[in-house]
Amino acid sequence: MASSSGNDDDLTIPRAAINKMIKETLPNVRVANDARELVVNCCTEFIHLISSEANEICNKSEKKTISPEHVINALESLGFGSYITEVKDVLQECKTVALKRRKANSRLENLGIPEEELLRQQQELFAKARQQQAELAQQEWLQMQQAAQQAQLAAASASAGQQAGSSQDEDDEDDI
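Residues numbered from 1 in each chain as written. Predicted model: local features only at pLDDT ≥ 70, side-chain atom pairs only at ≥ 80, totals over all residues. Heavy atoms only, no water.

Glancing now at the overall build of the protein. The helix and strand tally for the protein stands at six helices and zero strands. Counting from the amino terminus, the protein carries its helices and strands in the arrangement α-α-α-α-α-α. When burial is assessed residue by residue, the protein has 10% of its 176 residues classed as buried. Restricting to contacts in the protein with at least 6 residues of sequence separation, those with at least 24 account for 37%. As displayed, the protein offers around 14700 Å² of accessible surface, 53% of which is attributable to carbon and sulfur atoms. (Helix = DSSP H or I, 4+ residues; strand = E, 2+ residues; numbered from the N terminus. Buried < 20%, exposed > 50% of the residue type's maximum accessible area, 1.4 Å probe, protein only. Contact = heavy atoms within 4.5 Å. Areas by Shrake-Rupley, 256 points an atom, 1.4 Å probe, with all protein chains shown as cover.)

Structural data, given as structure tokens:
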């Protein structure tokens, strides 16, 4: 790469992804680490080259976003026209996968329940939760009141026991 900055690692394809592609493409071939590094650098350089050319094409057409057509035109202008058919096939495949993913992620649509009914059910659940929380708070308050009453009774009985013990002591003194 022609970059002299220290951020080269930030601008490369993850090595694990390249290793996986190499293993899938050449399952019975051992590839040296230097060769793997060279493949990573070549892939990175290729992506920079294509994206720079696609950006120029995008700017010439006065657009702000690089589209797949810009990338395909960049491949053609850089002499990679033989890849265009395969690139278009992969693009169509990616669009199909993305569409399936979007459909799978739209849970509201998949439930078959109208949004108003879902909202009503949600409000009902919230009301039940608030009711349960209020009941728990009331139970805790009652338990605290009972504990306070028991503490008062225990203190009163202890006080009465001390008074009874002190009056018994006085009676004992009178007997002497």
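On to the packing of aromatic side chains. For the structure on display, the rule yields two aromatic pairs. Ring geometry for F46 versus F80: centroids 5.2 Å apart, planes at 85°, classification edge-to-face. Linking F46 in helix α2 (residues 33-60) with F80 in the loop between α3 (68-77) and α4 (84-105), this pair joins segments that are 34 residues apart in sequence. Ring geometry for F80 against Y83: centres 6.1 Å apart, planes inclined by 45°, an arrangement best described as tilted. Pairwise contacts between aromatic rings join F46, F80 and Y83 into one cluster. (Phe/Tyr/Trp six-rings, centres within 6.5 Å; stacked < 30°, edge-to-face > 60°.)

Let us look at the pattern of salt bridges. Taken as a whole and judged by the stated rule, the model has four salt bridges. Between R120 and E117 there is a salt bridge, with its nearest N and O atoms 2.7 Å apart. With R120 and E117 both in helix α6 (residues 115-175) and three residues apart, this pair spans about one turn of that helix. On the accessibility criterion, R120 (43% relative accessible area) is partly exposed. Across the pair R120 and E124 runs a salt bridge whose closest N-O atoms are separated by 2.7 Å. Pair noted here: R120 and E124 are both in helix α6, with a separation of four residues, about one helical turn. (Salt bridge = Lys/Arg side-chain N within 4 Å of Asp/Glu carboxyl O.)

Attention now moves to the confidence of the model for the protein. Residues of the protein with pLDDT of at least 70 account for 83%, and the chain-wide mean is 86. α3 holds the highest mean pLDDT among the elements of the protein, 96, whereas helix α5 (residues 107-111) holds the lowest, 65. Between residues 1-6, whose pLDDT stays under 50, and residues either more than four places distant or in other chains, the model counts seven contacts. (pLDDT = per-residue confidence, 0-100.)

Glancing now at the side chain of E53. Relative to the helices and strands, E53 is located in helix α2. There is no salt bridge for the buried E53, and the closest opposite charge comes from K60, which lies 5.7 Å off by N-O distance. Those residues within four positions of E53 in sequence are excluded, and the remaining contacts are A74, S77 and L78. (Lys, Arg positive; Asp, Glu negative; His and termini not counted.)

Right, let's get into the packing of helix α1 (residues 15-25) against α2. Contact geometry for α1 and α2: axes closest at 10 Å, N-to-C directions at 110°. Judged on the interaxial angle alone, α2 and α1 are roughly perpendicular. Contact residues: α1 offers R15, I18, N19 and I22, while α2 offers R36, E37, V39, V40 and C43. (Axes fitted to C-alpha atoms, helices over the stretch in contact; angles between N-to-C directions. Parallel < 35°, antiparallel > 145°, perpendicular 65-115°, else oblique.)

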